[in-house]
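Residues per chain are reported as follows:
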Amino acid sequence: MSLRTPKLRLGLLLLLTPMLLWLLLLIILPHVNMAIISLSERVSAGEYAFSLSNYAEFFTESLYWNTFLRTATMSILVTFLTLIIAFPVSYYIAKMLRGRTKGLVFALCLIPFWVSELVRTYGWMILLRETGVVSSSLQWLGLTDGPIEFLYNDAAIIVGLVYTSMLFMVVPLTTTLDSLDDSYIEAGYDLGGNGFTVMREVVIPHAMPGIVSGCIVVFMLTLGNYLTPALLGGKDSLWFTEQIFTQFITRFNWEQGSAFGILLLFLSSFIVWLGLKLSRQSFTRVMS
Amino acid sequence: MTNSSSIITDVNAHPTQDSSAGPDTYDLECRNILKTFDGGFTAVDNVSFQIPKGSFFSILGPSGCGKTTLLRMLAGFEKPTSGDIFIKGQSVTNTPPNKRPVNMVFQHLALFPTMTVAENIAYGLRQRKVAKHEIGDRVKGVLQRVGLPDSGNKNIAQLSGGQKQRIAIARCLVLNPDVLLLDEPLGALDLKLREHMKIELKQLQEEFGTTFVYITHDQSEALVMSDQVAVMNHGAFVQQGTPHDLYYHPKDAFVAGFVGESNRWMGRISSQSANGLEITTDSGLGLHGVSGENQSFNNGDKVEIFVRPEAISLVRGQGDSNNSNQLACHVVNVLFDGAKSQILVKDPQSNGEVTVSMPQTADFENLRKGELLSLSWTTEQTRCYRVEG
Ligand SMILES: Nc1ncnc2c1ncn2[C@@H]1O[C@H](COP(=O)(O)OP(=O)(O)OP(=O)(O)O)[C@@H](O)[C@H]1O
Ligand SMILES: [Mg+2]
């Protein structure tokens, strides 16, 4: 039967309707609204005119521009670190463990994510603050004289973000690595490969869709994260989402906030597109 | 059932084993290989064999008998609990798989789907740091030899089952291994293609002159292709010999039943004489037979009796023959399969079913169900093997 039969087309339409509604109401509509707001400027009370000044503000005011660059580079760093840590973990779960232990260890990776992000971040604060576990143990061991503050800097943000992102990397990686039959790895060795070449030529090419989809998700979530940078970062550790928050909530400058929101969307999409081009993957293949 | 003409050519072609030859004339030698898994289960039990250079060696056994485990030890993926493996006289027992001069064709081939056909074949050469231009030449050469000169740029998914097979073999043979290991590579193919690939594999082996170790649970594959076949059961080699040997001189009841088709009866020896044995089957049939290889019996011993379907002569209706075993039966069914057609008959006396090869003469064309047939076969073709217990 082809899709052209009226009955089937109706079925497809019915199936897609909730999906399309969701997209329209929650994604497209707010964004269109935001785009419209972002393109207007308050002339006087209750009077708005079309203007690009909100966008111009972003490019001319170096604080905004730099905050965005900082956020983007740190997100890329976080994505990269998450990948480096998650890959061995996933490989171990998918390829080295068998049967029940495998399920158990995988579940162990998931358990921290049953707790809300706020509580998890608070956990990091307990560990890293001046009077926290790490600082006191170091003093107890005699490695330092006074208490050390590990919080409120970029490193703390990165640690918190990598931890928060772990799950979104481990799950797609474990799934793709699991689908790689052991015989491919064995064939790689049998034909003369060593651990490094088998990893590079057999395992990683196979896991590429999982790697890229994990990276996209982690990058987007990190870039759009608000809580972790706000709680773990210091005064100078600005995150772009905090700028948006400030515009909307503190300054009541919805026009500027909307412009930042739209810019975040486009710039992050551009970075993802660039990443896909560089890794020669297609979006539909990665997400399938 | 089996293609007997190719067995005969195989026997003629088989290189005679020279017992005075030194150890390095064997491409592969195993001495007392034992493999016990963690749970204490012995998968391979004290297996020893030698494979002369350039021969096609098959290991034949039922599912779960330890064939794959043995092959994986030869490839280096599994370490024998005890025993030694030699390749061209050199011990490789402690050599990792990527350093062994053997290559393996996996059961599901394991062609890398992320690479093209040419890249798959070049993979092993690249690991050996062969110069770029030489890689290109050798890939082209081997593709030519397996008859797929134009598929270098194809993706693995674009190949048919038989083509994948050939590429998987080419990927190994391009490395000139001393021994090629094949783990039931035809298992995933459909029947027609399997028949075709049997012949092709044999031809490839002869063309390349590489020693093949082929494992299978399909006795017809083993018989058609091999110079030597080892029959394996419960982790041990039961018998090793040419296909002809195994078919006509099986050493025990397991080999007799596993290699080729047979009609079987259980019975007891009732008397013995210079002319052979008198046996009474459990269903009350009296038969004349001979003892199988290296068997000797006492009266009253429990035996299993084997008669090949093609050993039985047929006469339509009531008939007499000089053969010592005679049985009048009714046709139950005709299993038509061209030259391999068989007739299923029932013996009214014991109610047992017997399979007989259909003679390729016009006389039997219009056989009907229920018709009376006179079966007969000689004493020599009735082999008895001891059954324990
Ligand atoms: N890693 C292992 N641990 C424990 N037992 C194993 C292991 N691998 C195989 N076995 C057991 O060893 C026996 C032989 O297995 P093997 O795979 O060698 O059989 P096979 O002859 O290749 O069978 P098939 O024809 O079905 O492939 C089986 O009973 C199997 O359960
Ligand atoms: Mg097997």
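Residues numbered from 1 in each chain as written. Chains lettered and ligands numbered in written order. Predicted model: local features only at pLDDT ≥ 70, side-chain atom pairs only at ≥ 80, totals over all residues. Heavy atoms only, no water.

Draft legend 1. Focus on the overall build of chain B. Check the secondary structure of chain B and you find nine helices and 20 strands. In chain B, which comprises 389 residues, the share counted as buried stands at 51%. Here the analysis covers contacts within chain B between residues at least 6 apart in sequence; of these, 69% occur between residues at least 24 apart. For chain B, the accessible area works out to roughly 17500 Å², and carbon and sulfur atoms hold 47% of it. In chain B, the 36 positive side-chain charges and the 42 negative ones have mean positions that sit 9 Å from each other. (Helix = DSSP H or I, 4+ residues; strand = E, 2+ residues; numbered from the N terminus. Buried < 20%, exposed > 50% of the residue type's maximum accessible area, 1.4 Å probe, protein only. Contact = heavy atoms within 4.5 Å. Areas by Shrake-Rupley, 256 points an atom, 1.4 Å probe, with all protein chains shown as cover. Lys, Arg positive; Asp, Glu negative; His and termini not counted. Charge placed at Lys NZ, Arg CZ, Asp CG, Glu CD.)

Draft legend 2. Up close: the packing of helix H9 (residues 195-223) of chain A against helix H3 (residues 117-127) of chain B. Interaxial distance between H9(A) and H3(B) falls to 12 Å at its minimum, and their mutual angle equals 160°. By the criterion of interaxial angle, the relationship of H9(A) to H3(B) is roughly antiparallel. Crossing of H9(A) over H3(B) shows right-handed handedness. Here Thr197(A), Val198(A), Glu201(A) and Val202(A) of H9(A) come into contact with H3(B), specifically with Tyr123(B), Arg126(B) and Gln127(B). Considering only residue class, the contact of H9(A) with H3(B) consists of three nonpolar, two polar and two charged. (Axes fitted to C-alpha atoms, helices over the stretch in contact; angles between N-to-C directions. Parallel < 35°, antiparallel > 145°, perpendicular 65-115°, else oblique. Left-handed = near helix turned anticlockwise from the far one by under 90°. Nonpolar A, V, L, I, M, F, W, Y, C, P; charged D, E, K, R; others polar.)

Draft legend 3. A look at the site of ligand 1. All names here are of chain B. The environment of ligand 1 is formed by Phe37, Phe41, Ala43, Ser63, Gly64, Cys65, Gly66, Lys67, Thr68, Thr69 and Glu184. In the model, an oxygen atom of ligand 1 is placed 2.7 Å from a nitrogen or oxygen of the Gly64 main chain. One of the side-chain nitrogen or oxygen atoms of Thr69 is found 2.5 Å away from an oxygen atom of ligand 1. Taken by itself ligand 1 offers 640 Å² of open surface, and the protein chains cover 59% of this. Looking at the shell around ligand 1, the element that brings in the most residues is helix H2 (residues 67-75), giving three residues. Here the shell around ligand 1 is built from residues that sort into four nonpolar, five polar and two charged. (Near = heavy atom within 4 Å. Polar contact = N/O pair within 3.5 Å; in protein donor to acceptor, adjacent residues only side chain to side chain.)

Draft legend 4. Representation of the interface of chain A and chain B. With 17 residues of chain A at the contact, the number on the chain B side is 22 residues. Both sides together, the interface formed by chain A and chain B hides about 1700 Å², and carbon and sulfur atoms give 57% of it. Applying the counting criterion to the chain A and chain B interface returns two salt bridges. Put simply, Arg72(B) and Glu186(A) hold a salt bridge, and the shortest N to O gap is 2.7 Å. Counting the contacts that link chain A with chain B gives seven residue pairs in polar contact (both at pLDDT 80 or more). Secondary structure elements with two or more residues in the side of chain A that touches chain B: helix H8 (182-190) and H9 of chain A. In terms of residue count, the dominant contributor to the side of chain A that touches chain B is H8(A) (seven residues). Its residues assigned to classes, the side of chain A that touches chain B comprises seven nonpolar, seven polar and three charged. (Buried area = accessible area lost by both parts, 1.4 Å probe. Salt bridge = Lys/Arg side-chain N within 4 Å of Asp/Glu carboxyl O.)

Draft legend 5. Broad picture of the sheet that holds strand E4 (residues 82-87) of chain B. Residues and elements named next belong to chain B. Strand order in the open sheet made by the four strands is E2-E1-E4-E5, with antiparallel pairing throughout. Unpaired on one side and paired on the other, strand E2 (42-52) and strand E5 (90-91) mark the two borders of the sheet. Where E4 lies against E5, two bridges are found, and the strand directions are antiparallel. Directly across from Ile87, in E5, lies its bridge partner Gln90. Each of strand E1 (26-36), E2 and E4 touches H2; the most contacted strand, E2, lies at about 60° to it. (Pairing = 2+ DSSP bridges.)

Draft legend 6. Representation of the domain arrangement of chain B in the model. Residues and elements named next belong to chain B. The assigned domain composition of chain B is domain 1 (4-254) and domain 2 (261-386). The partner domain 2 presents ten residues to the eight residues of domain 1 that form the contact. Summed over the shared surface of domain 1 and domain 2, the result is five residue pairs in polar contact (both at pLDDT 80 or more). The leading source of residues in the side of domain 1 that touches domain 2 is helix H8 (residues 243-248), at three residues. Grouping the constituent residues of the side of domain 1 that touches domain 2 by class yields five nonpolar, one polar and two charged. (Domains from an automatic or database assignment.)

Draft legend 7. Region of the structure containing the packing of aromatic side chains. Overall, the coordinates contain 24 aromatic pairs over all chains when judged by the stated rule. Centroid distance Phe59(A) to Trp65(A): 5.6 Å. Interplanar angle 50°. Geometry classified as tilted. For Phe59(A), a relative accessible area of 48% gives the class partly exposed. Exposure remark for Trp65(A): the relative accessible area of 32% places this residue in the partly exposed category. Taking the centre distance of 5.2 Å and the plane angle of 15° together, the rings of Phe49(B) and Phe57(B) count as stacked. With a relative accessible area of 3%, Phe49(B) lands in the buried category. (Phe/Tyr/Trp six-rings, centres within 6.5 Å; stacked < 30°, edge-to-face > 60°.)

Draft legend 8. Layout of the packing of helix H3 (residues 62-96) of chain A against H9(A). All names here are of chain A. As a packed pair, H3 and H9 sit with axes 9 Å apart at the nearest point and diverge in direction by 135°. Here H3 is positioned oblique relative to H9, judged by the angle of their axes. The two elements H3 and H9 meet at a crossing, and its hand is right-handed. The residues of H9 that touch H3, namely those facing Thr71, Ala72, Ser75, Ile76, Val78, Thr79, Thr82, Leu83, Phe87 and Tyr91, are Met199, Val203, Ile204, Ala207, Ile211, Cys215, Val218, Phe219, Thr222 and Leu223. Considering only residue class, the contact of H3 with H9 consists of 15 nonpolar, five polar and no charged.

Draft legend 9. Structural detail: the sheet that holds strand E10 (residues 236-241) of chain B. All names here are of chain B. Across the sheet, which stays open at both edges, the six strands sit in the order E6-E7-E8-E3-E9-E10 with mixed pairing between neighbours. The open sheet terminates on both sides in strands that have one partner only, identified here as strand E6 (102-105) and E10. Here the average twist between neighbouring strands, direction ignored, is 20°. Relative to strand E8 (residues 211-216), strand E7 (residues 179-183) runs parallel, the two sharing five bridges. Paired with Leu182 across the strands is Tyr214, a residue of E8.

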